[in-house]
Amino acid sequence: MTPRLHYFERVSSTMDVLHELAASGAEAGTAVLAAEQLEGRGSRGRSWHSPLGGVWLSVLFRPAAADGLDVISLRAGLSAAEALQTLLPMLIQVKWPNDLILDNQKLGGVLCEARWQGDLLVWVTIGVGINVHNDVPDDDRSHATALGALVPAITIDEVTHLLLPALRTLDLRAGRLSADELRRFERRDWLRGREIREPVAGMVQGIAEDGALLVDQGTGSSVSVRTGSVELAESLPAGNFDHATRARHREH
Ligand code: BTN
């Protein structure tokens, strides 16, 4: 039987609700979808703007081992991008480590949270937020966009029904990224070939099978970056490749 999808009009965060369900014994694959989040969480302790009109979805995993945890954000982002691609002709890109990008702007993001008992991994929640018809934050830090801006007829249901199976079928025990996953990531890699100045300065070469960002610092070999926020060396056009609206592009 398919695990349950719990729908709420309004929650603090779908992650909180799913952690509570997990603590009460919910099975792997259980999912929480909310119309609105009052305390949506983003990566690195940031808040995530989650008004009505977006897809705010979390899915529960109970992996037997923690092998794939380092790459799970990348794996989930890639799966989400590929699942949503059927909705529009423009390429949905991925930006290390957890962003979905459309037209050079942030379309959504992935957040993974694990719960441990001592050394034992008990469960993992993967949350994905996709801007659909909601207002998006528009400030210096986040050039964001929404699917509805390009496909006005799109519905929350359509997006959810593409996203949910893509997330539920993620293999959290898969360990390192396979050659096939690296190839698929490379096709959508928004950072590849761009000059960055944070977390290290250099040109992005891609990602490694352990999920690290590979940056060429001009020394002939790439350095591996495992954590940190990416900041581009140069400013970028914000949307529609409109060079008149260049603004500093930082990670949302
Ligand atoms: C990021 O890019 O910073 C990650 C954003 C993740 C947002 C989603 S929305 C569903 C789930 N619930 C949350 O509170 N956050 C994630």
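Reading the values: the criteria
Residues numbered from 1 in each chain as written. Predicted model: local features only at pLDDT ≥ 70, side-chain atom pairs only at ≥ 80, totals over all residues. Heavy atoms only, no water. Helix = DSSP H or I, 4+ residues; strand = E, 2+ residues; numbered from the N terminus. Buried < 20%, exposed > 50% of the residue type's maximum accessible area, 1.4 Å probe, protein only. Contact = heavy atoms within 4.5 Å. Polar contact = N/O pair within 3.5 Å; in protein donor to acceptor, adjacent residues only side chain to side chain. Axes fitted to C-alpha atoms, helices over the stretch in contact; angles between N-to-C directions. Parallel < 35°, antiparallel > 145°, perpendicular 65-115°, else oblique. Left-handed = near helix turned anticlockwise from the far one by under 90°. Domains from an automatic or database assignment. Near = heavy atom within 4 Å. Nonpolar A, V, L, I, M, F, W, Y, C, P; charged D, E, K, R; others polar.

Tracing the sequence through the fold places E113 in strand β6 (residues 105–117). With a relative accessible area of 14%, E113 lands in the buried category. Put simply, E113 and T125 are 12 residues apart on the chain and 5.3 Å apart in space, counted from C-alpha to C-alpha. Apart from residues no more than four positions distant in its own chain, E113 is found in contact with M15, H19, R41, W123, V124 and T125. Within polar-contact distance, the side chain of E113 engages the side chain of R41 at 2.9 Å.

Here we take up the packing of helix α2 (residues 72–84) against helix α4 (residues 156–168). Interaxial distance between α2 and α4 falls to 9 Å at its minimum, and their mutual angle equals 140 degrees. With respect to their mutual orientation, α2 and α4 come out oblique. In this structure, the crossing between α2 and α4 has a hand that is right-handed. Within the contact between the two elements, α2 uses A76, S79, A80, A83 and L84 and α4 uses V159, L162, L163, A166 and L167.

This part covers the domain arrangement of the protein. When cut into domains, the protein gives domain 1 (5–177) and domain 2 (195–251). One C-alpha centre belongs to domain 1, the other to domain 2, and the line joining them spans 23 Å.

Around the ligand lies a shell of 20 residues, among which S13, Q37, R41, S43 and K106 are the nearest. Between the ligand and Q37 there is a distance of 2.8 Å, counted from a nitrogen atom to a side-chain nitrogen or oxygen. The side chain of K106 places a nitrogen or oxygen atom 2.6 Å from an oxygen atom of the ligand. At the level of elements, α1 (14–23), β3 (55–61), β6 and β7 (120–130) are the ones that each hand at least two residues to the shell around the ligand. Ranked by residue count, the leading element in the shell around the ligand is β6, at 4 residues. Residues belonging to the shell around the ligand are distributed by class as follows: 7 nonpolar, 10 polar and 3 charged.

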